[in-house]
Amino acid sequence: ATAAAAPAAPTTAAAAEVQHEQPLGVDDVLHRAFVVALTRVEKKQLPLLLSTFYSQYLLPAAVAVGGSSDHFSIKKTKYKQLGKFIAVATGDDGSDFYGLITTTEKDKGVVSITAIDRQHAEYRRARGYVVVTADSADGGG
């Protein structure tokens, strides 16, 4: 009897696909959800209060990209607060998100997104993300 041939080693694309199926860490969910949420904001909705962006765009996107119906909370991330994440994400410290959004602080702690750079590499990349719908995350029913 001859031995069966060993299965071929996965290709780079296949390995990347398998790696991509791994659950994302909470900070990774935040990063991806941030840009996915931005793709859902229309220009006519700007300026948009950061608190509104968080509740109406970021939270639903976090559930979608995380593939879980578990409640996402920014308090579970290393940033702990949305303002800190925005400051780090938009800071000129080599962040991938630098220049993606423009914000203004009208009153202390009242921050609005005033512009989104829709040509930014992270924005364009987010347009290609596959997100899990609520139906598929819950097993379809």
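Residues numbered from 1 in each chain as written. Predicted model: local features only at pLDDT ≥ 70, side-chain atom pairs only at ≥ 80, totals over all residues. Heavy atoms only, no water.

**Observations regarding helix α4 (residues 82-90)**
The set of residues buried in α4 consists of L82, F85, I86, A89 and T90. Looking down the long axis of α4, one finds its buried residues gathered within 110° of arc, a one-sided arrangement. Buried residues in α4 make contact with α2 (26-39), α3 (50-66) and β2 (101-107). (Buried < 20%, exposed > 50% of the residue type's maximum accessible area, 1.4 Å probe, protein only. Helix = DSSP H or I, 4+ residues; strand = E, 2+ residues; numbered from the N terminus. Arc of directions from axis to C-beta. Contact = heavy atoms within 4.5 Å.)

**Observations concerning the packing of α2 against α3**
Angle between the axes and distance between the axes: these two values describe a pair of packed helices. Axis separation between α2 and α3 bottoms out at 8 Å; the angle between their running directions is 120°. Taken together, α2 and α3 sit at an angle that is classed as oblique. Between α2 and α3 the crossing geometry is right-handed. Contact with α2, carried on its side by V29, L30, R32, A33, F34, V36, A37 and L38, involves F53, Y57, L58, A61, A62, V65 and G66 of α3 and no other residues of that element. Of the residues assigned to the contact of α2 with α3, the class counts are 13 nonpolar, one polar and one charged. (Axes fitted to C-alpha atoms, helices over the stretch in contact; angles between N-to-C directions. Parallel < 35°, antiparallel > 145°, perpendicular 65-115°, else oblique. Left-handed = near helix turned anticlockwise from the far one by under 90°. Nonpolar A, V, L, I, M, F, W, Y, C, P; charged D, E, K, R; others polar.)

**Notes on the pattern of salt bridges**
Using the criterion set out here, one finds two salt bridges in the structure. With a shortest N-O distance of 3.5 Å, E42 and K44 are connected by a salt bridge. When its relative accessible area of 43% is taken as the criterion, E42 is described as partly exposed. (Salt bridge = Lys/Arg side-chain N within 4 Å of Asp/Glu carboxyl O.)

**Points about the packing of aromatic side chains**
Counted according to the given criterion, the structure contains six aromatic pairs. On the basis of an interplanar angle of 85° and a centroid distance of 6.1 Å, the ring pair of F34 and F53 is categorised as edge-to-face. Of this pair, F34 sits in helix α2 while F53 sits in helix α3, and the two are 19 residues apart along the sequence. Pairing F53 with Y57 gives two aromatic rings, centres 6.2 Å apart and planes at 15°, and the pair type is stacked. (Phe/Tyr/Trp six-rings, centres within 6.5 Å; stacked < 30°, edge-to-face > 60°.)

**Observations concerning the nonpolar core**
With 35 residues, the main nonpolar core has F34, L38, F53, L58 and F85 as its most contacted residues. Among the elements of the structure, α2, α3, α4, β3 (110-116) and α5 (121-126) are those that each provide at least two residues to this core. Broken down by element, the residue count for this core peaks at nine residues, all from α3. Once you skip the residues sitting within four places of it in the chain, F85 turns out to touch L30, H31, F34, I74, Y79 and F97. (Core = buried A, V, L, I, M, F, W, Y, C linked by side-chain atoms within 4.5 Å.)

**What about the sheet that holds strand β1 (residues 48-49)?**
Spatial strand order, β1-β3-β2: three strands in an open sheet with antiparallel pairing. At either end of the open sheet lies a strand with only one pairing partner, and these are β1 and β2. The sheet contact formed by β2 and β3 spans six bridges and is antiparallel. Bridged to I101 within β3 is I116. (Pairing = 2+ DSSP bridges.)

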